[in-house]
Amino acid sequence: MKRRHFLKTSLAVSTLAGLGAAGLSASAAGKKKEYYELRAYHLKSGASHDLLDGYLQNLVIPTLNKAGSKPIGVFTQQERNGNPANTEARDPDTVFVLIPYPSLEAFAKATRALSEQIQAQEASSQYLGAPKDNPSFDRIDSWLLLAFAGQPRIELSPYAREKKPRMFEIRTYESHSEIKSLKKVEMFNAGEIETMHEVGLGPIFYGQALIGRDLPHLTYMLSAADQAAHSKHWEAFGKHPVWNKLKNDPKYADTVSKIINRFVVPTSYSQI
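Residues numbered from 1 in each chain as written. Predicted model: local features only at pLDDT ≥ 70, side-chain atom pairs only at ≥ 80, totals over all residues. Heavy atoms only, no water.

Novice: Explain the environment of P216 to me, using residue names and the numbers behind them.
Specialist: Within the secondary structure layout, P216 lies in the loop between β7 (205-211) and β8 (217-224). Taking C-alpha positions, P216 is 6.3 Å from S181, a pair spaced 35 residues apart along the chain. (Helix = DSSP H or I, 4+ residues; strand = E, 2+ residues; numbered from the N terminus.)

Below, the structure written as structure tokens:
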């Protein structure tokens, strides 16, 4: 069996239980789900982001856009006081990159195209040519995600499309078992996603983690014009009857064992 076919088949089987269409909006039903790569470039404490910014802006984003991946988001963490009910991760020296792919084949094509560009520009790139004793980054984490049926593609709010002042929240929900993680995906598809849109939380994407560390989990991103608006939208969500019905449904009990949230802002060249 060819490697690509094996990977595609394995991922399809692993997510089958979470792909039901019940409760989906008319706009979401029947649309093909995207794949996402969420990268975290960890830099040494206090290190300049200039080399990484130049690499992402001038090489990575144009190459991946040409291969069909767009829009691509690049974010850094926003300092603020977190919600004590959650675990707010502090990553001041980490740059997060969100890359959408329309299919696994597109993911393979884009990866190959980027590898070719990296090899072609190695000699002229300060980022790629950094010496061993002073590397451009510490480590890179990467997760492959599959979009939820309830929001199969990236959606941008007006202020995000128009590049107006904006902030984002990346939320990761870990689960203690695979079935509970799938039930949480089902819960989102059953009305949680639509409710988040209704109250103005501005969801950008929802993704079930297929490959990466700390599995099983899911990750999604919300948006707002500013922190005050975001807090107001969360308050409306907490009072919404659909959310309260879902959270009190016994079949969705104990689906989340840990919540990690990060408040981030886009770089000047981010397409989200």
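There is more to say, and it comes next.
Novice: Can you tell me about the environment of Y269, naming the residues and giving the values?
Specialist: Relative to the helices and strands, Y269 resides in the segment after β9 (258-266). Considering only alpha carbons, one finds Y269 and I61, 208 residues apart in sequence, at a separation of 9.3 Å.

Novice: Please set out the packing of helix α2 (residues 50-66) against helix α3 (residues 104-121) residue by residue, giving values where relevant.
Specialist: Interaxial distance between α2 and α3 falls to 9 Å at its minimum, and their mutual angle equals 140 degrees. By the angle class used here, α2 and α3 are oblique. The crossing of α2 and α3 is right-handed. Here Y55, L59, V60, T63 and L64 of α2 lie close against α3, whose contacting residues are A110, A113, L114, Q117, I118 and Q121. (Axes fitted to C-alpha atoms, helices over the stretch in contact; angles between N-to-C directions. Parallel < 35°, antiparallel > 145°, perpendicular 65-115°, else oblique. Left-handed = near helix turned anticlockwise from the far one by under 90°. Contact = heavy atoms within 4.5 Å.)

Novice: Give a detailed account of the packing of aromatic side chains, specifying residues and quantitative values.
Specialist: By convention here, two paired aromatic rings are described through the distance between centres and the angle between planes. This model, assessed by the stated rule, comprises 15 aromatic pairs. Each residue in the set F148, Y173, F188, Y206 and Y220 is aromatic and connected to the rest through ring pairs, giving one cluster. K184 extends its terminal NZ or CZ atom over the ring of F188, reaching a point 4.8 Å from the ring centre. (Phe/Tyr/Trp six-rings, centres within 6.5 Å; stacked < 30°, edge-to-face > 60°. Lys NZ or Arg CZ within 6 Å of the ring centre and 35° of its normal.)

Novice: Just give me the short version of the pattern of salt bridges, but keep the residues and values in it.
Specialist: A complete count under the given rule lists nine salt bridges for this structure. Between E162 and K164 there is a salt bridge; the shortest N-O distance is 3.0 Å. For E162, a relative accessible area of 49% puts it in the partly exposed group. Assessed through its relative accessible area of 45%, K164 is described here as partly exposed. For the salt bridge of E169 with R171, the shortest nitrogen-to-oxygen distance reads 2.7 Å. The residues E169 and R171 share a single accessibility class, namely buried. (Salt bridge = Lys/Arg side-chain N within 4 Å of Asp/Glu carboxyl O. Buried < 20%, exposed > 50% of the residue type's maximum accessible area, 1.4 Å probe, protein only.)

Novice: Explain the side chain of T195 residue by residue, including any values.
Specialist: Relative to the assigned elements, T195 resides in helix α5 (residues 178-198). Among the residues examined, T195 registers a relative accessible area of 3% and is labelled buried. When residues no more than four places from it in sequence are discounted, the contact partners of T195 are F237, H240 and V242.

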